[in-house]
Amino acid sequence: QVQLVESGGGLVQPGGSLRLSCVGSRIIFRVYAMKWYRQAPGMQRELVAGITSGGNTTYADTVQGRFNISRDTAKSTVYLQMNNLKPEDTEVYYCNAQWTVTGDDYWGKGTQVTVSS
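Throughout what follows, the structure given in this document is the object of discussion. (Residues numbered from 1 in each chain as written. Predicted model: local features only at pLDDT ≥ 70, side-chain atom pairs only at ≥ 80, totals over all residues. Heavy atoms only, no water.)

**Some words on the overall build of the chain**
- When you go through the chain residue by residue, the secondary structure sums to zero helices and eleven strands.
- Mapped from its N terminus to its C terminus, the chain presents α and β elements in the order β-β-β-β-β-β-β-β-β-β-β.
- At 14 Å, the chain has a C-alpha radius of gyration in line with the 13 Å of a compact globule built from 117 residues.
- The dimensions of the chain, computed from C-alpha atoms along their principal axes, are 45 × 25 × 25 Å.
- Relative to all contacts within the chain whose residues are 6 or more apart in sequence, the contacts with residues 24 or more apart total 54%.
- Counting 11 positive and 9 negative side-chain charges, the chain places the averaged centre of each group 7 Å from the other. (Helix = DSSP H or I, 4+ residues; strand = E, 2+ residues; numbered from the N terminus. Rg over C-alpha atoms; globule rule 2.2 N^0.38 Å. Contact = heavy atoms within 4.5 Å. Lys, Arg positive; Asp, Glu negative; His and termini not counted. Charge placed at Lys NZ, Arg CZ, Asp CG, Glu CD.)

Dropping the structure here:
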């Protein structure tokens, strides 16, 4: 069974940084596009950043210039480096893996990020 496990969330002051990690198991990690989403209570889940199997990246306008997504295929891990965090970044962050060839689509259980003084 495929598993995606996020870690690295927590409480940070405004202007601080966190690095989220998502480790995939039982997955051919190198072929999957990896994405980070976030969701606040009562809100729709929104795309934060994505990285293709080839390393191309995309970002939501709200995080462009502050967040950086990267992947380490050898470790089956995708990262989200979050800098200059703002209170509005307070949400649960989810890892997603998609393989367009097969339609496979997997989600992690999420990690809470709270930005507060």
